[in-house]
Structure formats: structure tokens, C-alpha cells
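Listed below are the residues making up each chain.
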Amino acid sequence: MRDASAKDGTARLIVGPFNRVEGDLEVRLEVADGAVRAAFVSSPLFRGFERILEGRDPFDALVIAPRICGICSVSQSQAAALALAQWQGLAPTANGRIATNLLVAAENVADHLTHFHLFFMPDFARAAYADRPWFAAAEARFKAGRGTSARRLIEARATLMHVLGLLAGRWPHTLAIQPGGVTRRAEPRDQMRLLATLGAVRATLEQTLYGAPLERISALADPRELEAWRALGPDGDFRLFLEIAADLDLTHLGRAYDRFLSFGAYPGEEGPHYPAGTFADGVLGGVDEAAIAEDHTFARMEDRAAPHHPFAGSTIPDGFDETGYTWCKAPRLAGQPFETGALARQFMDGQPLARALVAAGGGNVFSRVIGRLIETARTLIAMEGWVRALEPAEPWCAHGTNPSEGRGAGLTEAARGALGHWMEVRNGRIARYQIIAPTTWNFSPRDAAGVPGPLEAALVGAPVQEGETTPLSVQHIVRSFDPCMVCTVH
Amino acid sequence: MTVQSRAHGFNVLWLQSGGCGGCTMSLLCAEAPDLLTTLDFAGIRLLWHPSLSEETGTEAVELLGAVARGDIRLDALCVEGALLRGPNGTGRFHVLAGTGRPTIEWVRDLAAVAEHVVAVGTCAAYGGVTAAGANPADACGLQYDGRREGGALGAAFRSRSGLPVINIAGCPTHPNWITETLMLLSAGLLGADDLDAYRRPRFYADHLVHHGCPRNEYYEYKASAEKLSDLGCMMEHLGCLGTQAHADCNTRPWNGEGSCTRGGYACINCTAPEFEEPGHPYLATPKIAGIPVGLPTDMPKAWFIALSSLAKAATPERLRRNAVSDHVVMPPTVRDIKRR
Ligand code: SF4
Ligand code: SF4
């Protein structure tokens, strides 16, 4: 929708439905002089999962919480299981922890692939790019619902999901992940089957996506290597993306605050495989969980007086609120908006290319996509090691007792970034359950101080061509975050 | 009946409302052949799908408008996710982005021009988890509100074909339940008699999850799992509803070779209306005087009690021990073939 009535030459665009994202999204843009001047991001769907959880048996969270989202269902299960484990004072068995990591990793890798092949790349196969030198290749590989790479990916993704079928019964919405581990033990023959499955996925990625061994992608360290890859590297979707990105200058599109957050992914004996951390104003730091608070000023929610830590938060929709423009709350860490996702995780882990890309141009459309592609390769390699680390003869699931009062937080990472569940139990029932999803961070509205959320900031300055009602630059920026809107508001 | 070929193709429009997108994600797991190949060869064309189509923003709104006006033939309207009536009956908890109109209104308009209307998943069918607890969004299904007929389209609704809403219930649905339903519809092979009492396609709803469960031998002898990760039957202590749940989960595997009970946890009857409110914790079996309240479908209570006490008395040692272990501690005896 376009409304060019404003006198100062500012046109207003309402962009939606925004598809090829998970869930529902509408973006309101103020456009002047061929660029976005301000953006307001709206999540137009409210279901109220936090309220649905209230009053239930704490273990019912393992059934309800994953159903927040069908794309990162297992991450939601893990966050719920971690919150329950803290409430029970229970630690999972080593096998249980490793198996859970495998389940979450399979989902995360599948998510990255779904995002790249089905959600993000089809935009470069649009007719608007028909005059670009790479267009024919992009169209053949990525045309929505038809591209050859998209087809191969859908097959590989279904194969990858056998990891879930074998270890967790099914995907999405498994009950296999419990606070003390997992409900199904893997036998040695299952380990062989898992290795075969991961091998098949590896082969497709090496042949189609990267055109090179996963280890080579994982070892990329310097942006100049990407330049060389673009010019002379092996043929594959990766090289095509580098070519498109260079031609369209995607490194200069969609920069937000360059403040990054990760809760740490894949717990291990000595801490998570990808560590927790923050990066703000050029400085690395730890995650101060107590400094997290949600602001409701522009969310259509009551309790607007002050931001709340999730252990004190509420979710009371206000259908008549006119100030609010979204159902999404505004999470802040020490009062500031943070960006979260694969780039943040790889950055915290010190992956050299992620560090170099952020140093050169911050979080932008290019670095976010590269962050996911590097992580995909690295995570698949890690998964092969985890399968070998399983010890079938050892215990798989520990069992604890259920205190009638208490609370627990479960902090983990979904594909899209930091995910937290905060649960309070009273009289043996869930009294409060608050969730902050990754896209809640990334697509948050303005806060009481008027500070826009990361996507709102990233959209400022995006070029808008004459006559565009759904600007392509805006689509690239929005999708570069791999948003999950059903999670955002839950 | 012969399979009709549809040279002109079968047009499907897919909308999502108050759900998690999990049924679409499950659909992408279709295999052998993969989803796109399956749809292609059946002549099924996705006019628009929120995850798979190119059109976004204005282009998508124009396309929906053209379908609603009848300019483009709509063979099947698929809706995933519950329909939201709140707040206060306005439907504004889900406004279709870019249109300013509640999705429930779009769905009513599109259902009026559709040859078939298909609810994909338990949310769209009956309300599902979106309608659980206090049901803050006032969610309901397309033609059911929990167990009661009604819902967003009303009990009297019939699509152009004369059929009520077809409920591919499941949370999420199995990918093949969706592809096979659409293929049968496009071939003209799914009629009113092919739907069960809750209007689920009988090809999967005439089975019970219990059929083909690897724990059947434990069930027979009431050798029960006591905690999650044990191998025994989960009916007695861990809330398994497989003997009452209408679905073919254990004879039609999920994601390769999986199913809920194969994964080591209870079937929670996700294809049934109101599975979201079992009235007890999901992973516990409610009992009166030590006897499970929810007995297997078609089984008189007296019989069940008599049979299970007999069975318990006769439980072989092997099953008794394996049932409470996470692996087989006592394998079946290998008999000498010559002395059989
Ligand atoms: S675990 Fe459930 S489905 Fe399996 S045999 Fe027991 S009752 Fe039947
Ligand atoms: S086994 Fe039961 S809970 Fe699991 S998918 Fe089948 S019907 Fe649903």
C-alpha cells in the first residue's frame, strides 16, 4: 500500500504480507528521497502462549512450549527442559546432553538451509533483476518452488530430519527432550545410521551448496579469501551468492547497531560449544542475565510503566491500545537493543571470518548470510563428532523430584539467536512463564526512550526505487535476519 | 473408480493463521519422492503459499483478491493454524498483514469460492493448542470449536463440492497425510464416506497409534514402563493414549523410522479435538483404584481388568525386566531349531 499524501515529500508504505519468513510480518516505512527514513515493524498475530502455560503442570511445558513454533520447535523444547532442570536442580546425563545437542543442531542446520534456499535466495530470481549478469544462474537454481538447488535442498533437509526421527521420534514437536536427558537411547547401530545420514547431507552440501569440503568453509578466515572464491572458487550456490552480493553491494545494506548477543549454544562439560557473550561499542563482554528487561511502551500490552525482567514480566494484551503498533515486546539488555543470530554466535566463538566481516562492515545483509553459511558447515562437522561421542552403554535420562515452589530459567540458542524461557512454579503449578525469542530481540519495536529495534534501525537508509511498493532492498534486509514471527510474539 | 487425470491442474491456496507453521515444516519432510516432485506429478499447483511462493506484499494481496473474486479457480483452500476471534469478536489478534483485515474474514471469503476447504493440522481443524488454557486469542477451528461443530465457518458450511471442511488433524500432521489428501481430492477420489466422525480422512484415522507400536508385546502382558526412557508399554503409568488415538503413526513412520512411542514417550492423541486439555498432566496416566481411567477404544472395562490381571500374572521374566530398562537386558531365548 502506498500513501504519498504527506506534505514534506515523505511517502508511507505498508509492506505485507511479508512471506518467506516464518509467520506474519508487516513493515511500515516512511520513504523520502529514494530511501527509507524510518521503519516500524509489526507482528500482527497474537496467540498468548505464556498465558496458555499458566496454571499447568510444569512438565506440560514440554508439550506446549515447542508448539510456539514449528520451525524451531526443538530449541523451544530445549529451553523448556533447561528451565525445568534448573527448577528441579537436575543435571542431564552426558548422553542426554549430547543427544539433545544433536537434535537441536539438526534443526538449526535445517533452518539455515531452509532460510538460504527457500526464503532468502528466491528474491534474486525475481524479474526485477533480469538484466543482471548472474540472473540466469540465480533463476535456474533459486526460482521459488522450482529452482534446482531449492529442490535438492528440500530432499537433503528431509534426510537430515532422520536424525530427529531416529533419536526423537519425529519432528517437529517431540517430547524426547527432558530435563534429565532424552527418552530414547541410541544403540551402536543407530550411531552408524546417524553417521550415514549426516554423510548424505554432507555430500549434498559439498556438491551443491559449497562446491568444497565443509572443512574448507569452516576454515575461511579472511574476507580476501571470499574475493578469491568469487573469482576462481569452485562452482556452487556459495560462489553464486558471492557474485550476487558483490554486484548488489550487500555489505552496505542493512547495518543496525553492531551490538551482538549470544546465550551460548550446545552445552558441554566445559561450557557451550559456541560460547555465550555480548559485543557492544567494540567491547566483548559476558551476558548479565539480570540486566535483561522487556519494555511494553509500543507493544499492545499492559504494564507499560517500566520494563520488567522476565521473572517479573506479564503478557496482558491490550486490544484497544493505539500507541502500540505490534504485539511484540521490546527486550533490552542493560537498556539497549541487541542483534542476535548465527553471526553473533560465530563472532562470540572467535571464528576469524565472522570477526573480520563485523570489523569491516558490522552486521549487514552479507555478513549475516555468511555467518549462517559458515555455521552450517561448522555445526555439521561438530555433529559427526557428537555422534561418535555417544556411549550407548551409559545412562541416557536422569530423573529428579519436583519442588512445589521454585523457578528456573532456560537460556539457549535457536537458529535465529538467543532464546530464553523463565518459569515460576507455585503450588506445583506454573504461575508465570515468560519467553523471549530471538526475533523478539531483532524485530522489537521502539522502547520508552524511542530507540528503534535492530531491524527498524537496519532499514533506515535502504534504497527505494521509483514505483516500488515492496522494495527489494527492504526484502533483502528483513530476510537477512531470518525472522520467525510466530516465535516473536508467541 | 478410476483415477481421473486433471490436465488443467489443481489449484491450491494456502493460508496460515493462529498456528506455529509446523504443519508446513512437516510437509517439507515429505520423501520418496520429495514434496515438489510429488505435487508436480499430481498436477497440484500452489497458487500461493506463505513459505514457498515468490509473491510478497502487494503482489500477494492482489493474488488473494483475484482468487476471492473468482477470477482464478480455487480447487482447495488449505488453512493452517487456528482462526482467531479475539479480542471481543473483532478478529484483530490476527490481521492479514498489508490488508488491514482480520484473517478470519479473508478465510470466510475464500472458503465461499473454494471447491474444497481443508484444515491442515489440529489447530485449523479444532482449535488445537492455540485454544488451550484460558484461550487468550479466542481461537477455534474452521468448522469445529473443540469437539463442537461450529467454528469460524459454522456447522452448516459446505464447500462448492458439497463436502464439509476436511480435517487433516495432527499436531503437526504427517507430511503424507497432507499430500495424499490433496492427491485424492485432485483425483476426485475423496468423498463424504471417506471421512470419519471428526471428518478426518479415514485412510489414516481408521487406524490406532497402538497398531504396530514396538511396545505391543509389553502391552499384552501389562509390562509397563515406570519412567521415561524405559522400554515397556507407556499406557499404565506414562500417559500413552495410543490405544485411543486415531492415526497410523506406528505403521507409517515419521522422519525415516520414527514415531512418538518409538521415540520413547507417550502418544498424546494429537489428532483428536481437545487433546490440548487432557485434564491431567500429559505424561501421567490418571487412575482410579489403580486402573487407568481412559481405557482402550472398544474395550469393556470388566474385560480390561480381567485380562490385565491375567496378563500380569503371566508376564514372562524377559518382558518384566526389559520393561523397566532403557535397553534389552534379557534377549529372547534362541531355541535349538533341531529340537523344536
Ligand atoms: S506404548 Fe502406547 S501405543 Fe505403544 S503399546 Fe503401549 S499403549 Fe500401545
Ligand atoms: S503418536 Fe499420537 S501424539 Fe504422536 S503424532 Fe501420532 S497421534 Fe500424534
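Residues numbered from 1 in each chain as written. Chains lettered and ligands numbered in written order. Predicted model: local features only at pLDDT ≥ 70, side-chain atom pairs only at ≥ 80, totals over all residues. Heavy atoms only, no water.

1. What about the site of ligand 1?
The test is simple: A molecule or strand has a residue near it when one of that residue's heavy atoms lies within 4 Å. Classes in brief: Ala, Val, Leu, Ile, Met, Phe, Trp, Tyr, Cys and Pro nonpolar; Asp, Glu, Lys and Arg charged; the others, Gly included, polar.
Close contacts around ligand 1 come from His210, Cys213, Arg215, Asn216, Tyr219, Cys233, Met234, Met235, Cys240, Gly242, Thr243 and Thr261 of chain B, and that covers them all. Split by residue class, the shell around ligand 1 holds six nonpolar, five polar and one charged.

2. Observations concerning the environment of Asn95 of chain A
Residues and elements named next belong to chain A. Applicable threshold: Helix and strand labels come from DSSP, where a helix needs a run of H or I of at least four residues and a strand needs a run of E of at least two; each type is numbered from the N terminus. Only protein chains enter the area calculation, which uses a 1.4 Å probe; residues under 20% of their type maximum are buried, those over 50% are exposed, and those in between are partly exposed. Think of a polar contact as two N or O atoms within 3.5 Å of one another; within protein, one of them needs to be a possible hydrogen donor and the other a possible acceptor, and neighboring residues in sequence only count if both atoms come from side chains.
Within the secondary structure, Asn95 is located in helix H4 (residues 94-120). Assessed through its relative accessible area of 3%, Asn95 is described here as buried. Between the alpha carbons of Asn95 and Gly181 there is a distance of 7.2 Å; along the sequence they are 86 residues apart. Separated by 2.8 Å, the side chain of Asn95 and the backbone oxygen of Glu391 make a polar contact.

3. With respect to the interface of chain B and chain A
Applicable threshold: By the convention used here, residues are in contact when the closest approach between their heavy atoms is within 4.5 Å. By buried area we mean how much accessible surface two parts lose on assembly, using a 1.4 Å probe and totalling the loss over both. Definition used for salt bridges: Asp or Glu carboxyl oxygen within 4 Å of a side-chain nitrogen of Lys or Arg.
Tallying the contact residues gives 75 residues for chain B and 76 residues for chain A. For the pair chain B and chain A, the summed buried area comes to about 6100 Å², and 59% of that belongs to carbon and sulfur atoms. Our count for the chain B to chain A interface comes out at five salt bridges. Glu54 of chain B serves as the salt-bridge partner of Lys143 of chain A, at 3.0 Å between the closest nitrogen and oxygen. Joining chain B to chain A, the criterion identifies 36 residue pairs in polar contact (both at pLDDT 80 or more). Contributing elements (two or more residues each) for the side of chain B that touches chain A: helix H1 (22-27), helix H2 (35-41) and helix H3 (57-68) of chain B. If you tally residues by element for the side of chain B that touches chain A, the top one is H3 of chain B, at five residues.

4. A closer look at the pattern of salt bridges
Inspection of every chain in the model, using the stated rule, returns 53 salt bridges over all chains. One salt-bridge network, held together by shared partners, links Arg20, Asp123, Arg126 and Arg479 of chain A together with Glu59 of chain B.

5. Observations regarding the domain arrangement of chain B
Residues and elements named next belong to chain B. Put simply, the test is: Each domain's limits were defined by an automated method or a database of domain assignments.
The domain boundaries assigned to chain B delineate domain 1 (10-206) and domain 2 (208-325). Carbon and sulfur atoms supply 55% of the area buried between domain 1 and domain 2, which totals about 1700 Å² over both sides. Viewed at the interface, domain 2 and domain 1 are joined by two salt bridges. On the surface where domain 1 and domain 2 come into contact, there are eight residue pairs in polar contact (both at pLDDT 80 or more). The residue makeup of the side of domain 1 that touches domain 2, split by class, is 13 nonpolar, nine polar and six charged.

6. Topic: the UniProt feature "binding site: Fe cation" (unreviewed entry) in chain A
Residue and element names in this part refer to chain A. Applicable threshold: UniProt positions are given in the numbering used here, feature names are shortened, and annotations may be inferred rather than shown by experiment.
According to UniProt, the "binding site: Fe cation" (unreviewed entry) feature falls on Cys72 and Cys487. For the annotated residues, spread through 416 residues, the largest C-alpha to C-alpha distance comes to 8.5 Å, consistent with a single compact locus. Summarising the element assignment, Cys72 is placed in the loop between helix H2 (61-64) and helix H3 (73-88). Look at Cys72 and you get buried, because its relative accessible area is 2%. In this view, Cys72 contacts Glu107, Asp111, Ala414, Arg416 and Cys487; residues no more than four positions away in its chain are not counted. Overall, the relative accessible area of 1% leaves Cys487 in the buried class. Non-local contacts of Cys487, meaning those with residues more than four positions away in its chain, are made with Ile68, Cys69, Cys72, Gln76, Ala437 and Thr440.

7. Describing the nonpolar core
Keep this limit in mind: Note on terminology: a nonpolar core comprises buried Ala, Val, Leu, Ile, Met, Phe, Trp, Tyr and Cys residues joined through side-chain atoms within 4.5 Å.
Within the largest apolar cluster, 226 residues are counted, with the highest numbers of intra-cluster contacts made by Leu29, Phe238, Phe241, Ile370, Met383 and Val478 of chain A. At 14 residues, the largest contribution of residues to this core is made by H4 of chain A. Per-domain counts for this core show at least three residues from each of domain 1 (10-206) and domain 2 (208-325) of chain B. The residues touching Ile370 of chain A, leaving out its near neighbours within four places in the chain, are Leu226, Phe238, Phe241, Leu242, Leu353 and Leu357 of chain A. Counting 12 residues, the second largest nonpolar core, distinct from the first, contains Phe263, Leu333, Phe338 and Trp422 of chain A.

8. Focus on empty space enclosed by the protein
Residues and elements named next belong to chain B. The condition that has to hold: Using a grid of 1 Å spacing that covers the protein atoms alone, one calls a set of points a cavity when a 1.4 Å probe fits there but cannot get out, and a pocket when the set is open and has protein on both sides within 12 Å along at least five of seven lines; lining residues are those with an atom within 4 Å of a point. Grid points are joined across faces, edges and corners, and a volume is the space filled by probe spheres set on the points.
If you walk through the whole model with that rule in mind, you get eight cavities of 30 Å³ or more. A volume near 140 Å³ is recorded for the largest cavity. What lines the largest cavity is a set of 20 residues, and nearest its centre among them are Gly19, Cys20, Cys23, Cys123 and Cys171. Going through the elements one at a time, H1 and helix H5 (122-126) are the ones with two or more residues in the lining of the largest cavity. Among the residues forming the lining of the largest cavity, the class breakdown is eight nonpolar, nine polar and three charged.

9. Section: the site of ligand 2
Taken together, Arg170 of chain A together with Val209, Ala247, Cys249, Trp254, Cys260, Cys267, Ile268, Asn269 and Cys270 of chain B make up the full set of residues near ligand 2. Residue neighbours of ligand 2 fall on chains A and B, so the site bridges chains. Class assignment of the residues belonging to the shell around ligand 2 gives a composition of eight nonpolar, one polar and one charged.

10. Structural notes on the packing of helix H14 (residues 365-389) of chain A against helix H17 (residues 472-480) of chain A
All names here are of chain A. Note the cut-off: Here the axes come from fitting lines to C-alpha atoms, over the contacting stretch only for helices, and the angles between their N-to-C directions go from 0 to 180 degrees. In a left-handed crossing the near helix is turned counterclockwise from the far helix by less than a right angle, and in a right-handed crossing that turn is clockwise.
Following both chains from N to C, one finds H14 and H17 inclined at 40°, their axes separated by 9 Å at the closest point. As for the relative orientation of H14 and H17, their crossing is left-handed in sense. Here Val365, Arg368 and Arg372 of H14 come into contact with H17, specifically with His476, Ile477, Arg479 and Ser480. Considering only residue class, the contact of H14 with H17 consists of two nonpolar, two polar and three charged.

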